[in-house]
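In case you want the letters, here they are:
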Number of protein chains: 2
Amino acid sequence: MHGKFAPFFEPRSVVVIGASSSPHKPGNDAIRNILANGYEGKLHLVNPKGGEILGIPVHTSIAALPEGIDLAIIILPARDTPGALRECARKGIGHAVLSAGGFAEVDEQGAGIQQEIVDVIRETGVRVLGPNTSGHTSTPHRFTSTFFPLGKIRPGKVSYVAQTGNFATHTMKHILTAEHFGVARVIGLGNKIDIDESDALEYLADDPETTGIVMYLESIKRPRRFLEIAGEVTRRKPVIVLKSGATEAGRHAAVAHTAAMAAEDRLIDGLLRQAGVARIWDYTHLILAGKALSMVSLPKGSRVSFLAPSGAMLVALADLCVRLGLEVPDLEPETVRKLQEISPPFIRMRNPVDIWAAASVKGVEFGYREGLEAVLKDPNIDAAVVVLMLTEDTGVPPFDFIVDTARKYPEKPVLVTFSGDKKYEDQCKEYVEPLGVPTFPEIEQPFEVISILSRCSKAMNRS
Amino acid sequence: MHGKFAPFFEPRSVVVIGASSSPHKPGNDAIRNILANGYEGKLHLVNPKGGEILGIPVHTSIAALPEGIDLAIIILPARDTPGALRECARKGIGHAVLSAGGFAEVDEQGAGIQQEIVDVIRETGVRVLGPNTSGHTSTPHRFTSTFFPLGKIRPGKVSYVAQTGNFATHTMKHILTAEHFGVARVIGLGNKIDIDESDALEYLADDPETTGIVMYLESIKRPRRFLEIAGEVTRRKPVIVLKSGATEAGRHAAVAHTAAMAAEDRLIDGLLRQAGVARIWDYTHLILAGKALSMVSLPKGSRVSFLAPSGAMLVALADLCVRLGLEVPDLEPETVRKLQEISPPFIRMRNPVDIWAAASVKGVEFGYREGLEAVLKDPNIDAAVVVLMLTEDTGVPPFDFIVDTARKYPEKPVLVTFSGDKKYEDQCKEYVEPLGVPTFPEIEQPFEVISILSRCSKAMNRS
């Protein structure tokens with residue numbers, strides 16, 4: 001247990017208010033998720049109808065609940081939420097997740113109801129996540145409050161904070177079905193009338209289960225506080241933030257007034273940078289950076305080597321490195337000698353490494369293994385990208401060598417991408433990712449990700 | 001038959017010089033490729049050993065060949081290539097693909113051999129593709145000269161010109177195994193001592209089989225000529241170019257002298273833009289833009305609508321549109337009315353379209369179909385992106401509705417991407433792409449591609 005937010009992430013006892021016996025209703029899926037994740041605390045349910053849901057007896061009212069409950073998940077229509085929250089407070093339940101929508105994000109009436117909740121918080125001191133959140137997750141405690149059917153959520157060491165329900169719903173579904181990494185904590189902020197991104201960051205800063213933090217934000221409620229916490233935590237843990245256009249209305253206006261947005265955004269950009277935050281721009285990078293943080297350590301710097309099976313790729317990717325602020329330095333004479341040794345003489349070996357001839361003459365495994373090992377051993381290199389050519393004719397080796405070679409240099413990230421037959425690319429991903437080597441479907445992505453990681457690393461080592 | 005390059009693309013009779021009976025040798029794979037593609041012309045083979053390869057009798061010398069051969073594919077070591085080329089010319093074979101490497105790209109000696117070839121060309125007038133090319137392809141003529149084992153190459157209407165062998169080798173393998181589009185012509189330029197990108201562009205400009213041209217270039221040999229042809233053809237066909245860093249040596253230097261490169265590159269950039277070329281920066285876009293050109297028509301302008309299942313995605317993607325120079329305009333009142341009609345009232349419908357409530361309350365198919373049709377019907381919209389949410393719980397509809405709706409508005413590109421369960425995303429891709437609707441694994445990609453297509457469209461309509 002650590003800190004004031006522990007009851008959200010390590011609750012000993014939980015109640016679902018608005019529990020439903022109907023499959024595919026949020027009040028039912030929330031219970032299934034808790035069971036599927038193997039939550040070991042006590043689970044209570046409330047529904048006026050009473051009875052039993054999924055084998056658990058249902059209390060007919062909040063008043064009828066036993067004492068000592070840490071956290072309430074309130075899945076009720078907006079209008080019933082303030083009353084239920086007040087009753088929870090009266091019952092001594094100090095923490096609540098408010099899952100319904102229909103508040104300030106919708107209309108005047110919703111804004112009024114939201115204000116009632118703010119009043120309850122002020123009067124009772126109850127801490128609230130939401131409203132309009134699809135929940136949160138804490139895999140070290142085998143717990144989730146999400147009402148989106150996810151089943152077992154894969155544990156990991158990266159945590160997500162998002163001003164969107166996506167990371168507790170369809171984006172998490174995508175991660176669980178398309179990727180091999182998991183999460184430590186996921187915090188869906190929703191309308192953040194109480195707990196906001198600063199609180200979330202503060203919690204994750206001291207969370208021993210979280211080694212990397214990825215955030216999606218549309219606004220920053222208390223910028224000074226946020227930057228203060230960020231400025232401190234980024235010296236210890238990577239913090240990656242996608243900050244997109246303010247509010248929906250603001251964004252809509254911003255499209256018409258791009259100049260104004262650009263000015264405001266430049267300010268935010270500068271402050272985030274100063275605080276050591278690695279800002280990103282693509283939603284997809286929220287997932288890819290999370291994957292990389294889950295599998296590799298941060299590079300010590302931005303000096304990259306890469307092996308590709310084509311001169312054109314070498315040139316295009318070297319251009320990309322320049323655009324991304326990555327260096328492609330010269331290698332030690334010893335490394336060049338080693339590379340030249342494994343290659344037919346008609347390719348001049350250097351960084352980046354044209355591995356095609358070595359791989360086709362001496363075998364894909366031999367060429368890539370020796371080449372990768374040579375550059376990883378080089379003191380001028382902080383990270384390596386392997387563009388693996390996999391086709392039946394050129395040969396598809398067992399993929400252990402990639403994992404084994406990468407593991408010999410745990411302080412240097414090795415990222416893999418492909419060129420060739422999709423079938424073998426998929427096989428390689430399935431094999432190496434569970435063993436800790438991240439792969440990327442598009443050849444630009446490993447470089448984009450190393451650029452993000454190296455900014456994190458730079459922030460961590462700043463004076 | 002059209003133009004002086006026809007013997008390369010529509011040869012009536014071909015000879016492979018350096019034919020090999022050993023499987024997995026280039027001189028054997030080249031023959032297999034020709035057979036696999038169903039080439040209907042006459043195929044001759046030359047190898048001093050004679051005999052028979054894959055059921056085809058082998059001539060022991062070039063001199064022993066019959067008359068009337070259009071094209072020679074010379075797969076010999078570099079040092080034997082000039083002599084063979086001269087013999088071909090003597091035999092009246094006016095066109096040759098020189099597949100070996102080992103010329104100027106390697107060393108002084110190779111440069112000397114390359115000069116010998118230049119001399120043969122000057123003396124005999126023979127036209128040469130290469131050397132150091134992995135070949136070319138012409139699916140309308142069921143012909144390919146590539147020595148990389150590809151089997152049957154899927155026909156299509158987009159043509160690739162590349163200063164790299166990739167598009168006749170592993171990148172083509174990737175396209176054939178991971179994508180559902182095909183190619184008309186592929187031209188691997190190699191060291192381009194004779195035929196260069198200007199010749200290739202000139203040929204494709206008047207090629208009725210080619211409706212879109214995608215090029216990867218590291219240098220432009222005759223910039224004035226290239227820009228002259230480009231300036232003309234871009235009024236009729238889209239031309240998309242990835243221009244990467246000069247020569248290998250130049251590139252290496254350029255990394256150290258970024259400022260100089262930037263200045264030179266700005267010049268090239270301006271000239272390409274003036275010529276109506278849509279320049280791109282990512283290798284991956286060579287493939288994705290080719291896919292889009294193969295399946296959709298060019299948008300009339302850059303006004304985009306999109307449907308996404310999450311407010312966060314709407315905001316992040318609207319930001320992306322601004323960065324990409326795309327407009328996300330207001331919709332007609334009639335369209336807004338229609339959208340509001342299909343949605344629960346608590347979502348305010350506008351462009352971009354938050355389709356989550358409509359899809360979850362009224363069904364994924366109904367919500368997306370009605371929403372997509374409404375925005376496609378709107379005169380303010382040139383193209384639409386669908387971010388399709390596919391999870392078991394939210395429902396996985398049959399995918400016909402996407403194809404049917406897209407086909408109703410053939411002049412407006414519809415591009416699909418996903419959020420949710422990978423399994424259904426793959427199923428959707430497999431279903432809709434062969435029916436002409438392109439899908440993209442990352443949510444940013446459809447917007448990046450529309451931005452490229454709309455630049456092509458703008459070039460086509462310039463005065």
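The preceding data block contains the structure.
Rules used throughout
- Residues numbered from 1 in each chain as written.
- Chains lettered and ligands numbered in written order.
- Predicted model: local features only at pLDDT ≥ 70, side-chain atom pairs only at ≥ 80, totals over all residues.
- Heavy atoms only, no water.
- Core = buried A, V, L, I, M, F, W, Y, C linked by side-chain atoms within 4.5 Å.
- Buried < 20%, exposed > 50% of the residue type's maximum accessible area, 1.4 Å probe, protein only.
- Contact = heavy atoms within 4.5 Å.
- Least-squares fit on C-alpha atoms with pLDDT ≥ 70 in both.
- Helix = DSSP H or I, 4+ residues; strand = E, 2+ residues; numbered from the N terminus.
- Polar contact = N/O pair within 3.5 Å; in protein donor to acceptor, adjacent residues only side chain to side chain.
- Phe/Tyr/Trp six-rings, centres within 6.5 Å; stacked < 30°, edge-to-face > 60°.

## As for the nonpolar core
- Core analysis: the largest hydrophobic core is formed by 110 residues, its most contacted members being A:Tyr160, A:Phe306, A:Phe447, B:Tyr160, B:Phe306 and B:Phe447.
- Ignoring any residue separated from it by four or fewer positions in sequence, one finds A:Phe447 in contact with A:Val304, A:Phe306, A:Leu317, A:Leu320, A:Cys321, A:Leu324, A:Leu326 and A:Val385.
- Listed in part, the 46 residues of the second largest apolar core include A:Val14, A:Leu71, A:Phe147 and A:Ile220.

## A closer look at the relation of the copies chain B and chain A
- You can overlay chain B on chain A at an RMSD of 0.1 Å; the transform is a turn of 180° with a shift of 0.0 Å along its axis. Viewed as a symmetry operation, the transformation between the two copies matches a two-fold axis. When C-alpha distances to the rotation axis are compared across chain B, the minimum falls at B:Pro441, with a value of 4.5 Å.
- Looking at the interface residues of chain B, 98% of them are also at the interface in chain A, so both copies use one shared face.

## Quick look at the side chain of A:Asn351
Residue and element names in this part refer to chain A.
- Relative to the elements of secondary structure, asparagine 351 occurs in the loop between helix H12 (333-342) and strand S16 (353-354).
- A distance of 2.8 Å separates a polar atom in the side chain of asparagine 351 from a polar atom in the side chain of serine 305.
- A distance of 2.8 Å separates a polar atom in the side chain of asparagine 351 from the backbone oxygen of proline 329.

## Some remarks on the packing of aromatic side chains
Residue and element names in this part refer to chain B.
- By the definition in use, this model includes 14 aromatic pairs over all chains.
- Between tyrosine 39 and phenylalanine 143, the ring centres sit 5.1 Å apart and the planes meet at 55°, which makes this aromatic pair tilted. Linking tyrosine 39 in the loop between helix H2 (26-36) and strand S2 (42-46) with phenylalanine 143 in strand S9 (residues 143-144), this pair joins segments that are 104 residues apart in sequence.
- For tyrosine 39, a relative accessible area of 11% gives the class buried.
- Seen in terms of ring centroids, tyrosine 216 and tyrosine 283 are 6.2 Å apart; in terms of plane orientation they differ by 65°. Their pairing is edge-to-face. Of this pair, tyrosine 216 sits in strand S12 (residues 212-217) while tyrosine 283 sits in helix H10 (residues 283-295), placing them 67 residues apart in sequence. We note that tyrosine 216, like tyrosine 283, is buried.

Shape descriptors only; they carry no functional weight alone.
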